[in-house]
Amino acid sequence: MDLLHTFEEDAFRDEARAWLAEHVPARPLPSLETREGFAAHRAWEARLHADRWSVVSWPREYGGRGVDIFKWLVFEEEYFAAGAPGRVSQNGINLLAPTLFDHATAEQRARVLPPMASGEVIWAQAWSEPESGSDLASLRSRAVRTDGGWLLSGQKTWSSRAAFADRAFGIFRTDPKAPKPHQGLTYLMFDLRADGVTIRPIGRLDGKPAFAEIFLDEVFVPDEDVVGEPGQGWRIAMSTTGNERGLTLRSPGRFLAAAQRLVQLWRTSGDPADTALRDRVADAVVGARAYQLFTYANASRFAAGSVIGAEASLNKVFWSDYDIALHETALDLLGADGELAQGEWAEGHVFSLAGPIYAGTNEIQRDIIAERLLGLPKGRR
Amino acid sequence: MRFLLTEEQAAFGRSLEAMLTAADTPSAVRAWAAGNAVPGNALWERLAGAGVFALAVPETYGGMGPLPVELAVACVAVGRHAVPGPVVETVAAAALLAGLAGQGEDGPAKRLLPALSSGGARATLTLPDGGPYALDADTATYLLTVRGDELRLAPGYGALHASADPARRLYRPEAGGELLASGPAVVTAAGYAADWAAFATAAQALGTGLALLDRTVAYVKQRTQFGTAVGGFQAVKHRLADTLIGLEFARPLLFGAALSMTTADVAAAKLTAGEAAYAAARTALQLHGAVGYTEELDLSLWLRKARPLRDAWGTPSHCRSRVLAGPVRDASPGGWRGALGRG
Ligand SMILES: Cc1cc2nc3c(=O)[nH]c(=O)nc-3n(C[C@H](O)[C@H](O)[C@H](O)COP(=O)(O)OP(=O)(O)OC[C@H]3O[C@@H](n4cnc5c(N)ncnc54)[C@H](O)[C@@H]3O)c2cc1C
């Protein structure tokens, strides 16, 4: 057991740090949930990509550097420590790409991945529907066979950044007569600007306009945009949610950097007599460290050949609860100024409140932990 | 980078588990609490035979250490099986003597460490940075005290102070006794020993929490109410899920601390493991219902340990101040790089 970085990893860290020091915008970009911010972040993705920093763990042929999971973690630590912009292409990179690596054809990978890596095509996730949130398998949007492809109809909702994104991926019912709701679903990619697509932005709790619902009226999708076998959509979709919850969605680098900023805030404006607040600052430091080390332990297991499983749910509940506690502590440290909407902590706070809802609600994650990790009886779900 | 136990380390843990499972530790704990040390002493000899007490002792003094990762594995097993006796204190005493020797004062180490390492002697101690009580002084071979910058062998101890956990027998050492060492080296060594005490207690607490969770999961699977296993109710499941989350995020902190042994890392591990184990106890008691609130049920042995372990050798508040007093971390580089080094 060790926590030692190799010379190679340290060299990689130094290279990333130097690049970031030179290129990270001096002033924060406008929020990526707004139209102008979206454009600015797309340009940042192109900048990252030009020097092969946008998808470091991907194979070189698709624009990556082919680095292993430990170097990916090193990169993330540097990225967040440098205060670099949020990743507007995260749905594609974190959710669709792993699916494509596991299930797509070589042609699909060659066509879809490079423009994803460069930010030329930004993807939205079209999974949730008005009647199908936690019970995603009950979804009703359908894809009907037609010449050379499929016609999509129905409604998707709560799609992050879909108001400005280019394409979307989701699952659709292709066999309404299948005996079980998880069967007869197909995983498809489609164009958000195709005929028959209507996008309606929905202001989020923080008023940002990039969230959207997607109405689909006989939207044509060619066969080449089906991922995996028709009818296998559920299995394909579920094989990658572990990535989202377990690893990529909230990298430990983000929380290490945030806890560090919190300590600085406490040192500059904390009241030394307020030990209750001091304790919460300490908890934030400890939580970030715990999350980092938990991830390193998981990464070590993957490197030794195991695959991510239900333990991803431990991660999801931990980081989402942690994120809220961290931001609440910062707001309390700020006192009266905590209320001001423009601050980085205030923005982060509103967003953190969504953590226990998206990527599978924490209630559902706790069920998974109880049933799959502790072996408790399966409940009705 | 390989932040996972090696096969040898995991095998060591499995062999301790098997040995302790076979040893009927609950009756040894009950006897210990009643003042009968015989079964506890037998357990102690088995631990010593497995090499547990050699892990904190440097090779020069007959030990195999210091091996904090292996020690953490051992102390988790000690906690899981509620092994009675001053295991943590013996480890801390070894660290104290080794720490002194590291600064050139090797007389006490030469004299006391070989017997501690082999398990032939056990020690208990009080340090400026701990509470006033010496655990299990009545069964310890050596009762060490650090006051100011003096390390002494205490001449005796007063009356038993009953702990909330009757298997933790608390005594106040008497003042005076043979002076073993004095000066700044003692102060430094005492700080080092306090870290090892907190570290070993964190591991013991984690083991305690894991035992509480295991027993509770087994119980809610077989206890039925309203015609169904109570473990099928979502409110029950979610509490147990939270218990697992608490313990599983304490584990990496414990092993991270084992690799650096810095005061801040140890404090983080102690804080988190202590809180997770106490929360596990609260959940275990609640989900057992009234039967959990009886001393007859073996569960009580762990239930009563959880709170004292949370506070022994570093209360949560003390640990939090240690975390914040730690070096300002460079947020990016392998976390706490200074301590971890490069390889
Ligand atoms: C900020 C944000 C971004 C999002 N981005 C996307 C996106 O990009 N693409 C996308 O497809 N979706 C996205 N979502 C949607 C998200 O995936 C869903 O909100 C989530 O799956 C929950 O579904 P729901 O909102 O319909 O809640 P419901 O499923 O209606 O749940 C309501 C409440 O009931 C609880 N509940 C439901 N079933 C159970 C049960 N069996 N046991 C216990 N409690 C239960 C839930 O936990 C929740 O507390 C996003 C959501 C948010 C908030």
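Along every chain, residues carry numbers that run from 1 in the direction the sequence is written. For this description, chains carry letters from A and ligands carry numbers from 1, given in the order in which they are written. Per-residue local features of the predicted model are confined to residues with pLDDT of at least 70, and side-chain atom pairs are confined, for both listing and counting, to 80 or more; whole-chain, interface and lining totals are unaffected and use all residues. The side-chain values count all of the structure's non-hydrogen atoms but skip hydrogen atoms and water molecules.

Looking at an unreviewed UniProt entry, one finds chain B named Acyl-CoA dehydrogenase and attributed to Streptomyces agglomeratus. UniProt positions are given in the numbering used here, feature names are shortened, and annotations may be inferred rather than shown by experiment. Its UniProt record, at the heading Cofactor (unreviewed entry), says of chain B: "FAD". Reading the Sequence similarities (unreviewed entry) entry of the UniProt record for chain B gives the comment "Belongs to the acyl-CoA dehydrogenase family."

An unreviewed UniProt entry lists chain A under the name Acyl-CoA dehydrogenase, with Streptomyces agglomeratus given as the organism. UniProt lists a comment for chain A under the heading Sequence similarities (unreviewed entry), and it reads "Belongs to the acyl-CoA dehydrogenase family." Looking at the Cofactor (unreviewed entry) heading of the UniProt record, one finds this comment for chain A: "FAD".

### Examining the overall build of chain B
Secondary structure elements are defined from DSSP: runs of H or I of at least 4 residues count as helices, runs of E of at least 2 residues count as strands, and each element is numbered from the N terminus. Along chain B, the regular secondary structure elements total twelve helices and nine strands. A radius of gyration in this sense is built from C-alpha atoms; the matching globule rule multiplies 2.2 Å by the number of residues raised to 0.38. Rg of the C-alpha trace for chain B: 20 Å, near the compact-globule value of 20 Å for 343 residues, within the 12% margin. Counting across all 343 residues of chain B, residues that qualify as buried make up 60%. Note on contacts: a residue pair qualifies if any of its non-hydrogen atoms lie within 4.5 Å across the two residues. Across chain B, contacts joining residues at least 24 apart in sequence account for 71% of those joining residues at least 6 apart. We get accessible surface area from the Shrake-Rupley algorithm with a probe of 1.4 Å; when it comes to residues, only the shown protein chains can shield them. When the accessible surface of chain B is totalled, it reaches about 12500 Å², and 54% of it is carbon and sulfur. One way to put it: in chain B the 30 positive side-chain charges average out to a point 6 Å from where the 29 negative ones average out. Three labels apply to residues, based on accessible area from a 1.4 Å probe with only protein chains included: buried if under 20% of the type maximum, exposed if over 50%, partly exposed otherwise in between. None of His or the chain ends enter the tally, which takes Lys and Arg as positive and Asp and Glu as negative. A charge is said to be at NZ when it belongs to Lys, at CZ for Arg, at CG for Asp and at CD for Glu.

### Description of the UniProt feature "domain: Acyl-CoA dehydrogenase/oxidase N-terminal" (unreviewed entry) in chain A
Under the present numbering, the feature "domain: Acyl-CoA dehydrogenase/oxidase N-terminal" (unreviewed entry) in UniProt falls on residues 8–120 of chain A. Between the C-alpha atoms that bound residues 8–120 of chain A there is a distance of 31 Å. The span itself is 64% helix and 0% strand.

### Section: the packing of helix α1 (residues 7–23) of chain A against helix α3 (residues 69–81) of chain A
Residue and element names in this part refer to chain A. The axes used here are C-alpha line fits, helices contributing only the stretch in contact, and every angle between their N-to-C directions lies in the interval 0 to 180 degrees. Two numbers describe how α1 lies on α3: the axes approach to 9 Å, and their chain directions differ by 30°. By the criterion of interaxial angle, the relationship of α1 to α3 is roughly parallel. Taken as a pair, α1 and α3 cross one another with a handedness that is right-handed. Here α1 contributes Glu 8, Glu 9, Phe 12, Arg 13, Ala 16, Arg 17 and Leu 20 to the contact with α3, which in turn contributes Phe 70, Lys 71, Val 74, Phe 75, Glu 77, Glu 78 and Tyr 79. Side-chain classes follow a simple rule in which Ala, Val, Leu, Ile, Met, Phe, Trp, Tyr, Cys and Pro form the nonpolar group, Asp, Glu, Lys and Arg form the charged group, and the remainder, Gly included, forms the polar group. Among the residues forming the contact of α1 with α3, the class breakdown is seven nonpolar, no polar and seven charged. Here the word oblique covers every angle except those under 35 degrees (roughly parallel), over 145 (roughly antiparallel) and from 65 to 115 (roughly perpendicular). The sense of a crossing depends on the near helix, which, turned anticlockwise from the far helix by less than a right angle, makes the crossing left-handed and, turned clockwise, makes it right-handed.

### A short note on the site of the ligand
In the vicinity of the ligand there are 17 residues, among which Ser134(A), Trp158(A), Thr361(A), Glu363(A) and Gln234(B) approach most closely. A 3.5 Å cut-off defines polar contacts: any pair of N or O atoms within that distance qualifies, except that in protein one atom must be a possible hydrogen donor and the other a possible acceptor, and neighbouring residues in sequence count only when both atoms are side-chain atoms. Here Trp158(A) contributes a backbone N or O atom positioned 3.1 Å from a nitrogen atom of the ligand. One of the side-chain N or O atoms of Glu363(A) is found 2.7 Å from an oxygen atom in the ligand. When the ligand is considered free in solution it has 970 Å² of accessible area, and contact with the protein chains removes 69% of it. Secondary structure elements with two or more residues in the shell around the ligand: β3 (149–159) and α11 (362–373) of chain A. Per-domain counts for the shell around the ligand show at least three residues from each of domain 2 (123–234) and domain 3 (246–374) of chain A. Only heavy atoms are used to decide nearness, and a residue is near a molecule or strand if one of them lies within 4 Å of it. All the domain ranges listed were derived from an automatic or database domain assignment.

### Here we look at the UniProt feature "domain: Acyl-CoA dehydrogenase/oxidase N-terminal" (unreviewed entry) in chain B
As annotated in UniProt, the feature "domain: Acyl-CoA dehydrogenase/oxidase N-terminal" (unreviewed entry) corresponds to residues 6–119 of chain B in the numbering used here. Taken end to end, residues 6–119 of chain B is 68% helix and 0% strand, and its two terminal C-alpha atoms sit 26 Å from one another.

### Examining the sheet that holds strand β1 (residues 123–126) of chain B
All names here are of chain B. The strand order β1-β3-β4-β7 describes an open sheet built from four strands, whose pairing is mixed. Whereas interior strands pair on both sides, the edge strands pair on one side only; in this sheet they are β1 and β7 (178–182). Adjacent strand axes in the sheet meet at a mean angle of 25° when their direction is disregarded. Pairing between strands is defined by DSSP: at least two bridges between the two strands are required. Note: strand β4 (residues 150–153) against β7, four bridges, orientation antiparallel. Each residue of the ladder has a partner; that of Leu 153, found in β7, is Glu 178. Those strands touched by helix α5 (residues 87–102) are β1, β3 (142–147), β4 and β7, and its axis lies near 75° from that of β1.

### Quick look at the side chain of Thr208(B)
Mapped onto the secondary structure, Thr208(B) falls in helix α7 (residues 184–222). Excluding anything up to four places from it in sequence, Thr208(B) contacts Gly79(B), Arg80(B), Trp302(B), Lys305(B), Ala306(B) and Leu309(B).

### What to know about α11(A)
Residue and element names in this part refer to chain A. The span expected for a helix works out to 1.5 Å for each residue beyond the first. Between its terminal C-alpha atoms α11 stretches 15 Å, which fits the 16 Å expected from twelve residues at 1.5 Å a residue. When you tally the buried positions in α11, you get nine out of twelve residues, the bulk of the element. Buried within α11 are the following residues: Asn 362, Ile 364, Gln 365, Arg 366, Asp 367, Ile 368, Ile 369, Ala 370 and Glu 371. Residue Gly 375 follows α11 closely and has a positive phi angle near 75°.

### A short note on the environment of Leu253(B)
Structurally, Leu253(B) is set in helix α8 (residues 234–260). Residue classification places Leu253(B) among the buried residues on the basis of a relative accessible area of 3%. Along the backbone, Leu253(B) and Ala175(B) are 78 residues apart, and their C-alpha atoms lie at a distance of 37 Å. Setting aside residues no more than four positions away along its own chain, Leu253(B) makes contact with Val286(A), Arg289(A), Ala290(A), Leu293(A), Ala268(B), Ala269(B) and Thr272(B).

### Some details on the pattern of salt bridges
Residue and element names in this part refer to chain A. Salt bridges are identified by distance alone: a Lys or Arg side-chain nitrogen within 4 Å of an Asp or Glu carboxyl oxygen. Under the counting rule described, the total for this entry stands at 47 salt bridges over all chains. Residue Lys 71 pairs with Glu 8 through a salt bridge whose shortest N-O separation is 2.9 Å. Of this pair, Lys 71 sits in helix α3 while Glu 8 sits in helix α1; the two residues are 63 residues apart in sequence, bridging distant segments of the chain. According to the relative accessible area criterion, Lys 71 is buried, its value standing at 15%. For Glu 8, a relative accessible area of 55% translates into the label exposed. Asp 332 serves as the salt-bridge partner of Arg 280, at 2.8 Å between the closest nitrogen and oxygen. Taken together, the positions of Arg 280 in helix α8 (residues 275–303) and Asp 332 in helix α9 (residues 312–334) put the pair 52 residues apart, joining distant regions of the chain.

### Observations concerning the UniProt feature "domain: Acyl-CoA dehydrogenase/oxidase C-terminal" (unreviewed entry) in chain B
Feature annotation in UniProt places "domain: Acyl-CoA dehydrogenase/oxidase C-terminal" (unreviewed entry) on residues 192–315 of chain B, given in this structure's numbering. As a span, residues 192–315 of chain B carries 78% helix and 3% strand, and end to end its C-alpha atoms are 17 Å apart.

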